[in-house]
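Now for the letters of each chain:
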Amino acid sequence: CWWEGALCPAPDGPSLGGEGRGSAVAGAMAEVEEAEVPRSIEVPSSLLGNIIGRGGQVIKRLIQATKCQIEVPKGPKPTPDEEDRPVIIELSGSDEARRHALAAIRDVLEGGEAEDHAARIDGALVVNHGFEGRQRESWTLWRLTAYEREFGVRFEVGRRAVRCWSERRGGLVGEAATRLSAVLDAVVQQGRELVELEVEATLDSDYENVHYDKAVAPLVDQYGVLIWLPQPEDGVVKLKVTGPAEPARDAALLLEAKYSKGKSTASVLQVSGQVQGMPEGMAGDFANDIRNLEAEYQVKMKESAHILWLVGENAEGVENARKMLVQMLPFYLPDGFFMLEGLPQEVVNEIKMDSGIRYLMAKPDCAISFDRIQGTAWICGVHREAVQKRIGEMLGKWESEHWEQELEDYGVAMWLLGPQSSGQWLHRMETESGAKIKCCPNALKVWVEGKPLQLEEGKRLVLAGLQQMTDKRANDEANGGRTFKAKEVLSDIPPHMKAIMEKLAILETMKRGGRVPESLLRERGLLPPEEAKRERSRSRERAPANTTAVEVSEWNPATGEMEASTVDVEMGSAAASEPSAASVSGDAPALSDAERRARALQAIQARAGGAA
């Protein structure tokens, strides 16, 4: 085995860090080796299911790993009275295969995992962790994967143990094996010391987005703090926080301030004790600046070993205070804090998950927090040059395999996609170049990704397509603009629906930038007919009606008295009221006072009848 003589004393039962299941398995293997290897083993019928597993997965894995054929007798499920009845399992294979199979079966019966034995047989190092709960297993695997690239190994964390395989030829020996042993021992111990905290969040606090909280994100990325969101109970949501003691406590306080007390929060990451370690004179100046910052932005700043966090009533004030604090820290400690800007949004997550970056973040004197939206990396500690170098390497690789260009408008994006936005032309360009090409009409951007030669070919095809679009537009403008012909709708739908669909087709043509003939629009009812336009024109030329106000007396039922009222009496059109040639000559005399009163009386009666 690659770890033999370097990490543990017994190759068949490694136990790193003291007592564990590894030593028990080694003892079982030694007992088997001392005597002749049997060809069968008796197990209680009640434990037979542990050997078989769900769907036979466990026994299949044991057979695959040990190269020993394991035959379990078939029969009905034992009754409660037969649970202690022994069942004989037959083993067939070489002595070594049967020896491994016997040890594995005995360990599985005691609660072990078949994968642990399979890993041992494959030459992996298996170390018992003794965790209780999946949260600790997840955190341990997260932390160990940061060391995979450095040591050339691969880790798995099961219910009982950590499994470690060497990816390098010849394995690890000497100093490298000793360092890995120390790392593995330390991480397993940290996993055992994780704390679990609980924060009660109110139902109206937007607790569903707790996993995207920007104030807690640096603690999640740097220290692996885990946040579990359970279902509401009794009007509250009990958020579960798991992680190393101090980072978990900081995360719980931030969550409590925001989701329980309704405050706005922000945080700035630091290496443990970085600000607290300022010289006395510098610390005094920094404290004065912090007091001025708190007064200006109406916030409170609290210091912990790992972060500086801000709390306030106003979200904008808290965010502005955070930005000011980010500018202050490099001024006081230029070698300890640095803001790296201008990172492409598409590559930030890739940088954050890079094994080299994670290995640097695992060091006690290095801390990094990323902001994908802003495209920044906040680097703390003494490993700034190493971090920048690794990020530069990743950016160089990304730029050699990535190209993007902003598009002029929505129509250009639809042009690249192909007819009716089908993606036909985009797919053809991908097939010809071998690169991955994406086009987003909403973002007005096109991306090409692939190996250098694929990237160049994809870039050439996209630029050629954009040039074709430019030439077509210039040609259309030179010919008086592009004219679209509305499609005729042929279907068995009712006539009124056909008319609506025809109108929609014309509107779609207009939306695409085409010019529809005015006669066609008028025919489809989208413009008024010429006769209606002329009728409206004549109506505007007509003279308004000629009315005169006549004062009359009316009976008011509410008061029981006669009251004076004014009535408008139509006297004909304005043109008729003007003195014509006949009226001037005296052929058509004007209305007398009696006739005016008669007409007023008729108007009053008509109004009274309408009111009734």
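Residues numbered from 1 in each chain as written. Predicted model: local features only at pLDDT ≥ 70, side-chain atom pairs only at ≥ 80, totals over all residues. Heavy atoms only, no water.

(A) Main features of the sheet that holds strand 15 (residues 376–381). Read from one edge of the open sheet, three strands run 13-15-14, paired in antiparallel fashion. Looking at the sheet topology across the chains shown, the edges are occupied by strand 13 (337–340) and strand 14 (366–371). With direction set aside, neighbouring strand axes in the sheet form an average angle of 15°. Pairing of strand 13 with strand 15 involves four bridges; the strand directions are antiparallel. Opposite F338, over in strand 15, you have I379 as the bridge partner. Together, strand 13, strand 14 and strand 15 form the strand contacts of helix 15 (residues 384–400), whose direction differs from that of strand 15 by roughly 150°. (Pairing = 2+ DSSP bridges. Helix = DSSP H or I, 4+ residues; strand = E, 2+ residues; numbered from the N terminus. Axes fitted to C-alpha atoms, helices over the stretch in contact; angles between N-to-C directions. Contact = heavy atoms within 4.5 Å.)

(B) The arrangement of the nonpolar core in detail. Counting 48 residues, the largest nonpolar core has L255, F286, L325, L329 and W378 as its most contacted members. Sorting elements by how many residues they give to this core places helix 12 (residues 315–332) first, with seven residues. Not counting residues within four places of it along the chain, the set of residues in contact with W378 comprises V268, L269, V326, L329, P330, F337, F338, M339, A367, I368 and S369. Y147, V153, C164 and L184 belong to the second largest nonpolar core, which has 23 residues in total. (Core = buried A, V, L, I, M, F, W, Y, C linked by side-chain atoms within 4.5 Å. Buried < 20%, exposed > 50% of the residue type's maximum accessible area, 1.4 Å probe, protein only.)

(C) Local environment of the confidence of the model for the chain. Overall, the prediction assigns the chain a mean pLDDT of 80, with 74% of residues at 70 or greater. The model gives residues 1–34 a pLDDT under 50, and that stretch makes 68 contacts with residues more than four places away or in other chains. Considering only residues more than four positions removed or in separate chains, one finds that residues 573–588, a stretch of pLDDT under 50, has ten contacts. (pLDDT = per-residue confidence, 0-100.)

(D) Local environment of the environment of V108. As for its placement among the helices and strands, V108 is situated in helix 4 (residues 95–109). Residue V108 is classed as buried on the basis of its relative accessible area of 5%. Those residues in contact with V108, other than ones at most four positions away along the chain, are N50, I51, E113 and A114.

(E) The sheet that holds strand 1 (residues 40–44), seen in detail. The strand order across the open sheet built from three strands is 1-3-2, with neighbouring strands paired in antiparallel fashion. Because the sheet does not close on itself, it has two edges, and the strands there are strand 1 and strand 2 (69–71). Neighbour-to-neighbour, the strand axes of this sheet turn through a mean angle of 25°, independent of strand direction. Judged from the five bridges that link them, strand 1 and strand 3 (residues 86–92) form a sheet pairing that is antiparallel. Bridge pairing in strand 3 links E42 to I88. Across the sheet, helix 4 lies against strand 1, strand 2 and strand 3, angled at about 5° from strand 1, the strand it touches most.

(F) Broad picture of the packing of aromatic side chains. Counted according to the given criterion, the structure contains seven aromatic pairs. Here the aromatic rings of W139 and W142 are separated by 6.1 Å at their centres, their planes lie at 50°, and the arrangement is tilted. One end of the pair is W139 and the other is W142, both in helix 6 (residues 134–144) and three residues apart, which spans about a single turn. Here W139 falls in the buried class, since its relative accessible area comes to 2%. Its relative accessible area of 22% is what places W142 among the partly exposed residues. Centre to centre, the rings of F331 and Y332 are 5.4 Å apart; their planes meet at 85°, and the pair counts as edge-to-face. The class for F331 is exposed, based on a relative accessible area of 66%. Owing to a relative accessible area of 10%, Y332 belongs among the buried residues under this scheme. Every member of this aromatic cluster is reached through a ring pair, and the members are Y147, F151 and Y359. For the cation-ring pair, K438 lies above W447, with the distance from its terminal atom to the ring centre recorded as 5.7 Å. (Phe/Tyr/Trp six-rings, centres within 6.5 Å; stacked < 30°, edge-to-face > 60°. Lys NZ or Arg CZ within 6 Å of the ring centre and 35° of its normal.)

(G) Up close: the packing of helix 6 against helix 8 (residues 174–192). Interhelical geometry of helix 6 versus helix 8 gives an angle of 150° and a closest axis separation of 9 Å. Between helix 6 and helix 8, the interaxial angle falls into the category roughly antiparallel. Considering only the axes of helix 6 and helix 8, their crossing is right-handed. Contacts from R136, W139, T140, R143 and L144 of helix 6 reach helix 8 at L184, V187, Q190, G191 and R192. (Parallel < 35°, antiparallel > 145°, perpendicular 65-115°, else oblique. Left-handed = near helix turned anticlockwise from the far one by under 90°.)

(H) Here's a closer look at helix 8. An ideal rise of 1.5 Å per residue puts 27 Å on 19 residues; helix 8 measures up with 28 Å between its terminal C-alpha atoms. What helix 8 keeps buried is the set A177, L180, S181, V183, L184, V187, V188 and G191. Looking at the buried positions of helix 8, the neighbouring elements they touch are strand 4 (125–128), helix 6, helix 7 (148–151), strand 5 (153–157) and strand 6 (161–166). (Expected span 1.5 Å × (residues − 1).)

(I) A look at the environment of L444. As for its position among the elements, L444 is in the loop between strand 17 (436–440) and strand 18 (445–449). Classification of L444 by relative accessible area gives partly exposed; the value is 27%. Sequence spacing of L444 and E408 is 36 residues, and the spatial spacing of their C-alpha atoms is 7.1 Å. Not counting chain neighbours up to four residues away, the residues in contact with L444 comprise Q405, E406, L407, D409 and Y410.

(J) Layout of the side chain of H117. Its place among the elements puts H117 in helix 5 (residues 114–121). Residue H117 is classed as buried on the basis of its relative accessible area, which comes to 5%.

(K) How the structure looks around the state of the cysteines. Evaluated as defined, the whole model comprises zero disulfides. The thiol sulfur of C380 is not disulfide-bonded, and the nearest other cysteine sulfur, from C366, lies at 8.1 Å. Counting only cysteine sulfurs, C439 is the nearest neighbor of C440, a cysteine outside any disulfide, at a range of 7.4 Å. (Disulfide = S-S within 2.5 Å.)

(L) Quick look at the pairing of strand 18. Of all five residues making up strand 18, four are buried, and the element is well covered by its neighbours. Here five bridges tie strand 16 (residues 402–406) to strand 18, and the two strands are oriented antiparallel to one another. By the bridge assignment for strand 18, W403 is matched with V448. Hairpin connection, strand 17 to strand 18: the antiparallel pair is bridged by four residues, and L444 has positive phi, about 55°.

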